2 protein chains.
Amino acid sequence: MKLEPGEAILLYEASERDSNIFYATRFLAPDRFIYIRTAEREAIIVSDLELDRARAEAQVDEVLPLRLFRQRCKERGVESPKIGEVLDEVLKEFGVSRVIVPAGFGVKYADLIRERGYELRVKDEPFFEERRRKTPQEVEWIRRAIESTQKALERAIRIIADSSIENDLLIYEGEPLTSERLRREIEISLLEMNCLAKGTIVACGEQSAEPHKIGSGPLRPNRPIVIDVFPRDLSTGYHADITRTVVKGKAPEEVKRMFEAVMGAQEMAIGMIKPGADGKEIHSAVVNFFKERGFETGEKDGRMQGFFHGTGHGIGLDVHEPPALSTESVELEPGNVITVEPGLYYPDVGGVRIEDDVLVTEDGCEVLTDFPKTLEIE
Amino acid sequence: MKLEPGEAILLYEASERDSNIFYATRFLAPDRFIYIRTAEREAIIVSDLELDRARAEAQVDEVLPLRLFRQRCKERGVESPKIGEVLDEVLKEFGVSRVIVPAGFGVKYADLIRERGYELRVKDEPFFEERRRKTPQEVEWIRRAIESTQKALERAIRIIADSSIENDLLIYEGEPLTSERLRREIEISLLEMNCLAKGTIVACGEQSAEPHKIGSGPLRPNRPIVIDVFPRDLSTGYHADITRTVVKGKAPEEVKRMFEAVMGAQEMAIGMIKPGADGKEIHSAVVNFFKERGFETGEKDGRMQGFFHGTGHGIGLDVHEPPALSTESVELEPGNVITVEPGLYYPDVGGVRIEDDVLVTEDGCEVLTDFPKTLEIE
């Protein structure tokens, strides 16, 4: 972002929860701290608790103690300075008259800044435009997260393969295999590779017909099992996001038909990905692809059916970030890393989703994931 | 919060990142959704993707499809409705003229609401006052998280006990025991109990002198090892937060002195906890306790030394939440659950911190943690 004299980017967030401030600083902290950048200077302002760690770890020009600005407030008579006064001192120190903040900047802090006579401009996401164009280093970090995710998926598939079918259950190590157990196996395996997975989906049968249902209870043969894993690599902060759908035993004909359609839709969508392509057109093509094959979408008997989520989304420091392949127009650019994840969901049959991660290159795209797409597991 | 006619609480957050909207709905979702409550009605408004899951899981009166409000925008001529128009339709549907939002409510959305003529009131944290007075059910959930945390800590201590000392290293299963390894053991053990720990601190020697440093590299004998574990129980969303400091082998005299002071400060602070007590006074008492014993605090040779963080903080859905035992006045009430975690940090010696979780009761307090505080491990 190019800044004029008197202008500053201002963030006030906890970097464990907010990727913009992490992106700007590469400093992970559990509590809110201040980030400020002008055309000349860049700094974070942190409590004494974080001061030394920030000086060692934060990738910014200056690390200043919050104490310093609280002290200045006190010197001009504010007995117990609050965040409004502190922000005022910071903006004065940096010679700022106009502040640029992201959409999610807390309204309380925005109002405090405005009240003190500063101009405040809200910039929409992506706040840092460059976040969507991944550098070779960032692509490398995503590749590493993908590699770990694939290893965890491999372990999950192996457990399903090693299970036997008894009384409409999958039996593994003498016990019915459950969503909970398989999720734990996946997440522990990821943790061993320093990746943190939250809400890993292992959903079987009717449960798999709700795209974000994480799944619970015994896994059963001859029904789709959707496995969707999207961990953050803790050493870098970057995500992977991969989904496979498998059936232990024999897949019903309808599931096979859905699987083929989803595979076809994904192949078609990936074929359309290149610089200049419109995310909305790719999504529409997938919607039409399903419609033409007779897979209907809409609310039926009070439940959503068919294909009712976006075709894909950017991944990076957030697991959902721009650009999306969805109902809004967006032009793809080299360096975008996006998921392509068509799916079909019918409560009486279950769900089928296949998701890969794709890098937009100078003249097309590269599929970063490399993991088998086999529906039936014996 | 008591609401007048025409007033509404409005939240627009992802409940995976924001505890207020999770508290209000008990519905965990990765993307922003709308929560609205008036004196008569309470609802969330979600995308089709989350609709069925929200209807099954969210603890609110109504779950409405976002689609419905987008449709209404279209009917009055807005071709591709954005969040501003959608919020407007929602507020109309609920007969709202005055909106109450938390400090962290995104300024973009706040401005869109104000532009459309609604009054907007920002309420400081704790937004839901009742979040700091835990119900018996919430206390039970925290107890469960504490129990799991203690099991994980037990495992960590056992690994240190089972290690041998060779060449200034701890040797475990034939290899030097590292911060990373011990952290992984703790976090995997927690995951097996469905608790998610992030940033678990296992910091030894000089590293332990920075309170939030997570630690890396080999653990060494005869230096303090600070272990700080603060997982979220995934089945409830509630946290525990426990710290112990141990030394494998012999603790240096200075570390013993620090340990005794920290233990004494903690005991004194816990003794002061009861309804009506001021968090600031408890914190000041700890600050003075250390000062009187000759433990100085301040920046020295460019690094923070002594005791330079708060004495404690509330825990619940967030790992840091009100009320705090810190530099600001706050009156303790029955149902508060707070940490008490004095610490001393000197770069040439290392850090010592002891942290327990304490429930404020009707007539005093109850220490919820029950885990040995033994400095030296043979």
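Just so it is clear, the structure is predicted and the values come from calculations on it, not from any experiment. (Residues numbered from 1 in each chain as written. Chains lettered and ligands numbered in written order. Predicted model: local features only at pLDDT ≥ 70, side-chain atom pairs only at ≥ 80, totals over all residues. Heavy atoms only, no water.)

Peer 1: Which residues make up the relation of the copies chain B and chain A, and what are the values?
Peer 2: When chain B is fitted to chain A, the residual RMSD is 0.0 Å, and the transformation amounts to a turn of 180 degrees plus an axial shift of 0.0 Å. The operation mapping one copy onto its partner corresponds to a two-fold rotation axis. The C-alpha atom lying nearest the rotation axis in chain B is that of Val107 of chain B; the distance is 2.1 Å. Both copies present the same face, since 100% of the interface residues in chain B are matched by interface residues at the equivalent positions in chain A. (Least-squares fit on C-alpha atoms with pLDDT ≥ 70 in both. Contact = heavy atoms within 4.5 Å.)

Peer 1: Summarise the side chain of Gln266 of chain B; cite the residues concerned and give the values.
Peer 2: Residues and elements named next belong to chain B. For Gln266, the position within the fold is in helix 8 (residues 253-272). Taking the relative accessible area as the measure of exposure, Gln266 reaches 2% and is therefore buried. Not counting chain neighbours up to four residues away, the residues in contact with Gln266 comprise Val340, Pro342, Ile354, Glu355, Asp356 and Lys373. (Helix = DSSP H or I, 4+ residues; strand = E, 2+ residues; numbered from the N terminus. Buried < 20%, exposed > 50% of the residue type's maximum accessible area, 1.4 Å probe, protein only.)

Peer 1: Go over helix 4 (residues 83-93) of chain A with me, naming the residues and quoting the values.
Peer 2: Residues and elements named next belong to chain A. With nine of its eleven residues buried, helix 4 lies for the most part within the structure. Turning to helix 4, its buried residues number three or more, namely Ile83, Gly84, Glu85, Val86, Leu87, Asp88, Glu89, Val90 and Leu91. The elements touched by buried residues of helix 4 are strand 1 (7-13), strand 2 (33-37), strand 3 (42-46), helix 3 (66-75), strand 5 (98-102) and helix 5 (107-115). The first or second residue beyond helix 4 is Gly95, which carries a positive phi of 60 degrees.

Peer 1: Explain the domain arrangement of chain A to me, using residue names and the numbers behind them.
Peer 2: Residue and element names in this part refer to chain A. When the domains of chain A are assigned, the result is domain 1 (7-127) and domain 2 (132-377). A straight line from the C-alpha centre of domain 1 to that of domain 2 covers 38 Å. At the interface, five residues of domain 1 touch nine residues of domain 2. Regarding the contact of domain 1 and domain 2, the summed buried area is about 600 Å², with carbon and sulfur atoms giving 55% of it. Among the residues domain 1 hides against domain 2, the three largest losses belong to Ser19, Arg26 and Pro126. Together they make up 63% of the total. Inspection of the domain 1/domain 2 interface yields one salt bridge. Measuring nitrogen to oxygen at the nearest pair gives 3.9 Å for the salt bridge that ties Glu138 to Arg26. (Domains from an automatic or database assignment. Buried area = accessible area lost by both parts, 1.4 Å probe. Salt bridge = Lys/Arg side-chain N within 4 Å of Asp/Glu carboxyl O.)

Peer 1: Kindly report on the sheet that holds strand 1 (residues 7-13) of chain B, identifying the contributing residues and their values.
Peer 2: All names here are of chain B. If you trace the six strands from one edge of the open sheet to the other, you get 4-3-2-1-5-6, paired in mixed fashion. Only two strands of the sheet have a single neighbouring strand rather than two, namely strand 4 (62-65) and strand 6 (119-123). Pairwise comparison of adjacent strand axes, ignoring direction, gives a mean angle of 25 degrees for this sheet. Here strand 1 pairs with strand 5 (residues 98-102) via three bridges, running parallel. Bridge pairing in strand 5 links Ala8 to Val99. Contacting strand 3 (42-46) and strand 4, helix 3 (residues 66-75) crosses the sheet at an angle of about 50 degrees to strand 4. Against the sheet, helix 4 (residues 83-93) contacts strand 1, strand 2 (33-37), strand 3 and strand 5, and its axis sits at roughly 25 degrees relative to strand 2. (Pairing = 2+ DSSP bridges. Axes fitted to C-alpha atoms, helices over the stretch in contact; angles between N-to-C directions.)

Peer 1: Lay out the pattern of salt bridges in plain terms, naming residues and giving numbers.
Peer 2: The tally for this structure, following the rule as stated, stands at 85 salt bridges over all chains. Glu119 of chain A is the partner of Arg98 of chain A in a salt bridge, and the nearest nitrogen-oxygen pair spans 2.9 Å. Placement of the pair is Arg98 of chain A in strand 5 and Glu119 of chain A in strand 6 (residues 119-123), with a sequence separation of 21 residues. A salt bridge links Glu185 of chain A to Arg155 of chain A, with the nearest nitrogen and oxygen atoms 2.5 Å apart. Placement of Glu185 of chain A in helix 7 (residues 179-192) and of Arg155 of chain A in helix 6 (residues 136-162) is noted, with a sequence separation of 30 residues between them. Relative accessible area serves as the criterion here: at 15%, Glu185 of chain A is assigned to the buried category. For Arg155 of chain A, a relative accessible area of 30% corresponds to the partly exposed category. Linked by salt bridges that have partners in common, Asp48, Asp52, Arg55 and Arg67 of chain A together with Glu206, Glu210, Glu299 and Arg303 of chain B make up one network.

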